[in-house]
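# Descriptive analysis of the structure
Chain by chain, the residues run as shown.
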Amino acid sequence: MISTSEALPSVLDYSVLSEGELQARIHSRKHELGAVILGHNYQRIEIQGVSDFLGDSLALSQEAAATDASVIVFCGVHFMAETAKILSPDRTVLMPDPRAGCPMADFVTGEALRRLKAEHPGAAVVAYVNSTAEVKAESDICCTSSNAVGVVETIDPDREIIFVPDRNLADYVADQTGRTNIIPWDGYCYVHNDLVLDELDRAVAAHPEAKIVVHPEARKELLERADFVTSTGGMVDLAAELPALIIGTERGLVDQLNLRHPGKTLIPLSGAAICGNMKLNTLAKLAWCLDHEEYPVVLDEEIRSRAERSLRRMLEVSDGWASPTEDQVALEDAGVRPRGCGCG
Ligand code: 13P
Ligand code: SF4
């Protein structure tokens, strides 16, 4: 087992180690710390390989809320690690590279959202989880790409909704729910917004037998051509079922699916769809992060607790989640009942 005394001084020292050495270090140090590694579906394939739990934003937030591990190492982007800290404030949440942000989340600030709320005092605010803790704190409820339609359906149809920060997801939700009172923020994901019909046409011409699945962060004209619109987690399920699929999302997921299903035709809609932010995490940085217990996510408690309320509301209306009752919380606090997500 590697002890902290064997930690190397800089990430550069880790980057010269072989993949096998890094994996061994990560494995033993993870056990030493009692850590769990959560990895998003867009992570580099070698990070996916050492993740204890791999999933979409919703599944990862459910896992972060339920885990018993004292340390959560989040391999994803900043808003995801922040979400884990919001839901599990007593755990240490570490990021291998704190520069791994989500440019879509940066489209809206708490201050700008407060200004829009002042113009629409009666509106409910729905924050896509791809947002900062401060924006979540200003919102009534959060959503992810897998539950956005269901979350919006819980809101009084006559009430205006401010939807931040993804205009494409807001449009999709408006289409699916038939609502005409959704005010979209003008943000987008550069990876999905850049997917174009030309690329889809080429993929379809090469694989006419394949079904098409597109992430709801893509533009409307792509969603209209899709057989399925779903989150990365939904895409994992579809790839398990179907023999041939054109996949409109980030490449990391398609790489994962091709490793899992070598006999299938699983084609990226665009080979250029790469989220550089997700790819900032490397095995070397992960090993360094575990050895040095860096970089921790730190949140202002007042913002964290208000953001938690919006996230918990989302989890409550998402399948498989039930908040613990007061009795259960008391038993947990007394150490009698193990902490859990309430699933199933
Ligand atoms: P998922 O929730 O579908 O995994 O999406 C997260 C994300 O960042 C998509 O760009
Ligand atoms: Fe953000 Fe887009 Fe990257 Fe997802 S793929 S983390 S939405 S920039």
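Residues numbered from 1 in each chain as written. Chains lettered and ligands numbered in written order. Predicted model: local features only at pLDDT ≥ 70, side-chain atom pairs only at ≥ 80, totals over all residues.

## Re the sheet that holds strand β10 (residues 228-229)
Pairing is parallel across the open sheet formed by four strands, whose spatial order is β10-β9-β11-β12. What marks the edges here is a single partner per strand, and that holds for β10 and β12 (265-268). Note: strand β9 (residues 211-214) against β10, two bridges, orientation parallel. Paired with Val 213 across the strands is Phe 228, a residue of β10. (Pairing = 2+ DSSP bridges. Helix = DSSP H or I, 4+ residues; strand = E, 2+ residues; numbered from the N terminus.)

## Re the domain arrangement of the chain
Domain boundaries assigned for the chain yield domain 1 (4-100 + 280-299), domain 2 (105-189) and domain 3 (195-272). Placing the centre of domain 2 and that of domain 3 at their C-alpha centroids yields a distance of 26 Å. Tallying the contact residues gives 10 residues for domain 2 and 12 residues for domain 3. The biggest single contributor to the side of domain 2 that touches domain 3 is helix α9 (residues 167-177), with four residues. (Domains from an automatic or database assignment. Contact = placed C-beta atoms within 7 Å.)

## Observations regarding the sheet that holds strand β6 (residues 141-143)
Strand order in the open sheet made by the four strands is β6-β5-β7-β8, with parallel pairing throughout. The outermost strands of the open sheet, each flanked by one partner alone, are β6 and β8 (182-184). Ignoring which end each strand starts from, the neighbouring axes of this sheet average 25° apart. Taken together, the three bridges between strand β5 (residues 124-128) and β6 define a ladder with parallel strand orientation. For Val 126, the partnering residue across the bridge sits in β6 and is Ile 141. Running over the sheet, α9 touches β5, β7 (161-164) and β8 and is turned about 160° from β8. Here helix α16 (residues 301-317) sits on the sheet and contacts β5 and β6; the angle it forms with β6, its principal contact strand, is near 60°. (Axes fitted to C-alpha atoms, helices over the stretch in contact; angles between N-to-C directions.)

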